Amino acid sequence: MSASDDLEDSAAPLIEHLAELRTRLIRSVMAFLVGMIICFTVATPIFNFLTDPLCTVLAQRGQDCDLIFISPQEGFFVAIKVSLLGGLMLSFPVIAHQMWRFVAPGLYRNEKGAFLPFLISSPVMFLLGASFAFYVVTPLAYDFFLGFQQFGAEGEALPGDPATSPGLSVVFQGSAQEYLNLTIKFIVAFGMCFQLPVLLTLMGKAGLVSAEGLGNVRKYAVVAILVLAALVTPPDVITQVILFVVVYGLYEVSIFLVRRVETKREAKLRAEGYYDDEDDLT
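Residues numbered from 1 in each chain as written. Predicted model: local features only at pLDDT ≥ 70, side-chain atom pairs only at ≥ 80, totals over all residues. Heavy atoms only, no water.

Enquirer: Is there a simple way to explain the overall build of the protein in this structure?
Expert: Within the protein, the secondary structure is distributed over 10 helices and 0 strands. When the helices and strands of the protein are placed in sequence order, the string is α-α-α-α-α-α-α-α-α-α. Within the protein, buried positions represent 29% of all 282 residues. For the protein, contacts bridging at least 24 residues in sequence account for 76% of all contacts bridging at least 6. (Helix = DSSP H or I, 4+ residues; strand = E, 2+ residues; numbered from the N terminus. Buried < 20%, exposed > 50% of the residue type's maximum accessible area, 1.4 Å probe, protein only. Contact = heavy atoms within 4.5 Å.)

In structure tokens:
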């Protein structure tokens, strides 16, 4: 067989993989577009659902929940953002399935058994983080922000009498687009933070991190989590403490999961005769 034949044989599988990748990407994009179109038709009910934390806080303060558009095109862009978020969530099972169908043929049976649980747990943890942000963090954040409103004194002011002059009124009149941007920021940030156990456990399974190593850098992790809490939450101590406690708890859970992975790997190697107990004594 000539060198040109070897080159053609090696190029053929690459072309097949690229064709397979193109097919999976097209199906994923089509699923996303379909989900986006569906959400665009019901963008108003979805947006009303997303405004529930704000409306609840305003109702407790005796205010109406009225958001405004500050530009003519803002309503359209709000609907587009709602559609993008909803379309991604609706199409994610299809996208994950296409990803799995592309990767699975190149994996061994034990690798498939190791990778599939992480593919399933990742969206579950993201939904848990998003739900926590929406139902717990977002109401606390808006309650903090709305606490800076100022209401003028009631009654008729007498000329030249400072005691009866009306005070300055600074009342919330929220932009729909700004509210949606901030809410999506909370949802995405907490959803990504809840990926920590999935990511660290997967890295532990690949041998990139160890439970002992994660424990040794615990003090640095505390500082990093504090910085993260300050960046993704409003300047509200309560919200920052909640995020710190949750993420640090997830870090400790990650150490526990990585330790379990290491224990199972050690037991498997010992059963196969590849693990030497004398290594622990050196």
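Enquirer: Just to check I follow, could you spell out the nonpolar core for this structure?
Expert: The tendency in soluble globular proteins is for nonpolar side chains to be buried as a group. In terms of nonpolar packing, the biggest core is built from 26 residues, with Phe190, Leu214, Leu243 and Tyr251 touching the most fellow members. In contact with Leu214, not counting residues within four places along its chain, are Leu200, Val209, Tyr251, Ile255 and Val258. Formed by 18 residues, the second largest nonpolar core is a distinct cluster that contains Leu50, Tyr142, Tyr179 and Leu180. (Core = buried A, V, L, I, M, F, W, Y, C linked by side-chain atoms within 4.5 Å.)

Enquirer: How do you make sense of the pattern of salt bridges when you look at a structure like this?
Expert: Close approach of charged atoms lets side chains of opposite charge pair. For the coordinates displayed, the defined rule picks out 3 salt bridges. Here Glu252 ties to Arg218 by a salt bridge, and the two come within 2.7 Å at their closest N and O atoms. Taken together, the residues span a long stretch of sequence, with Glu252 in helix α10 (residues 237–272) and Arg218 in helix α9 (residues 218–232) at a distance of 34 residues. Residue classification places Glu252 among the partly exposed residues on the basis of a relative accessible area of 27%. With relative accessibility at 29%, the residue Arg218 sits in the partly exposed group. (Salt bridge = Lys/Arg side-chain N within 4 Å of Asp/Glu carboxyl O.)

Enquirer: Would you explain the state of the cysteines in this entry?
Expert: A disulfide bridge is the covalent bond that connects two cysteines by way of their sulfur atoms. One pass over the full model with this rule turns up 1 disulfide. Across the disulfide from Cys55 sits Cys65; the S-S distance is 2.0 Å. Here the S-S torsion is close to -60°, and the disulfide linking Cys55 with Cys65 is therefore left-handed. One end of the pair, Cys55, is in helix α3 (residues 52–60); the other, Cys65, is in the loop between α3 and α4 (74–103), with 10 residues separating them in the sequence. (Disulfide = S-S within 2.5 Å.)

Enquirer: Sorry if this is basic, but what is going on with the side chain of Glu74 here?
Expert: Note on placement: Glu74 falls in helix α4. A polar atom in the side chain of Glu74 sits 2.9 Å from the backbone nitrogen of Ile70. (Polar contact = N/O pair within 3.5 Å; in protein donor to acceptor, adjacent residues only side chain to side chain.)

Enquirer: For this particular structure, what's the right way to read helix α2 (residues 43–50)?
Expert: In an α-helix, one turn spans 3.6 residues, which is why side chains three or four residues apart end up on the same side. For α2, the set of buried residues is Ala43, Phe47 and Leu50. Down the axis of α2, the buried side of the element spans an arc of 55°, and every buried residue falls inside it. What points out from α2, more than 90 degrees from its buried face, is the exposed set Thr44 and Pro45. (Arc of directions from axis to C-beta.)

Enquirer: Any chance you could explain the packing of aromatic side chains here in plain terms?
Expert: In this description, a pair of aromatic rings is defined by centroid distance and the angle of the planes. Scanning the entire structure with this criterion turns up 8 aromatic pairs. Seen from their ring centres, Phe76 and Phe77 are 5.6 Å apart, and the 65° between their planes marks the pair as edge-to-face. When its relative accessible area of 41% is taken as the criterion, Phe77 is described as partly exposed. Note on Phe132 and Phe190: the rings are 5.8 Å apart at their centroids and 45° apart in plane angle, and the pair reads as tilted. Remark: Phe190 occurs in helix α6 (residues 176–193) and Phe132 occurs in helix α5 (residues 109–146); sequence separation between them is 58 residues. (Phe/Tyr/Trp six-rings, centres within 6.5 Å; stacked < 30°, edge-to-face > 60°.)

Enquirer: Is there a simple way to think about the packing of α2 against α4 in this case?
Expert: For any two helices packed against each other, one specifies the inter-axial angle together with the distance between the axes. Two elements in contact, α2 and α4, have axes whose closest approach is 9 Å; the angle formed by their N-to-C orientations is 80°. As judged from the angle between their axes, α2 and α4 are roughly perpendicular. On α4, the residues touching Ala43, Ile46 and Phe47 of α2 are Val78, Ala79 and Val82. Of the residues belonging to the contact of α2 with α4, the class tally is 6 nonpolar, no polar and no charged. (Axes fitted to C-alpha atoms, helices over the stretch in contact; angles between N-to-C directions. Parallel < 35°, antiparallel > 145°, perpendicular 65-115°, else oblique. Nonpolar A, V, L, I, M, F, W, Y, C, P; charged D, E, K, R; others polar.)

Enquirer: What should I look at first to understand a nonpolar patch on the surface in this one?
Expert: Judged by side-chain polarity, Leu14, Leu18, Leu21, Leu25 and Phe102 come together as a nonpolar surface patch covering roughly 450 Å² of accessible area. Looking at the secondary structure, you find Leu14 in helix α1 (residues 3–41). (Patch = residues over 30% accessible without salt bridge, like charges linked within 9 Å, V, L, I, M, F, W, Y side chains within 5 Å. Areas by Shrake-Rupley, 256 points an atom, 1.4 Å probe, with all protein chains shown as cover.)

Enquirer: Could you clarify how one ought to interpret the packing of α4 against α6 in this entry?
Expert: Packing of α4 against α6 leaves a shortest axis separation of 9 Å and a crossing angle of 20°. Classified by the angle between their axes, α4 and α6 sit roughly parallel to one another. In the packing of α4 onto α6, the handedness of the crossing is left-handed. Touching Glu74, Phe77, Val78, Lys81, Val82 and Leu85 of α4 are Ala176, Gln177, Leu180, Asn181 and Ile184, all from α6. Taken together, the residues of the contact of α4 with α6 sort by class into 7 nonpolar, 2 polar and 2 charged. (Left-handed = near helix turned anticlockwise from the far one by under 90°.)

Enquirer: Sorry if this is basic, but what is going on with α4 here?
Expert: With 30 residues, α4 extends 41 Å between its outermost C-alpha atoms, agreeing within 8% with the 44 Å of an ideal straight helix rising 1.5 Å per residue. At Phe92, α4 shows its largest kink, close to 50°, and the proline Pro93 lies no more than four residues downstream. Among the residues making up α4, those that are buried are Glu74, Gly75, Val78, Ala79, Val82, Ser83, Gly86, Gly87, Ser91, Ala96, Gln98 and Trp100. (Expected span 1.5 Å × (residues − 1). Bend = angle between axes of the 7 residues up to and from the residue.)

Take it as geometry only, folks, not as evidence of what the structure does.
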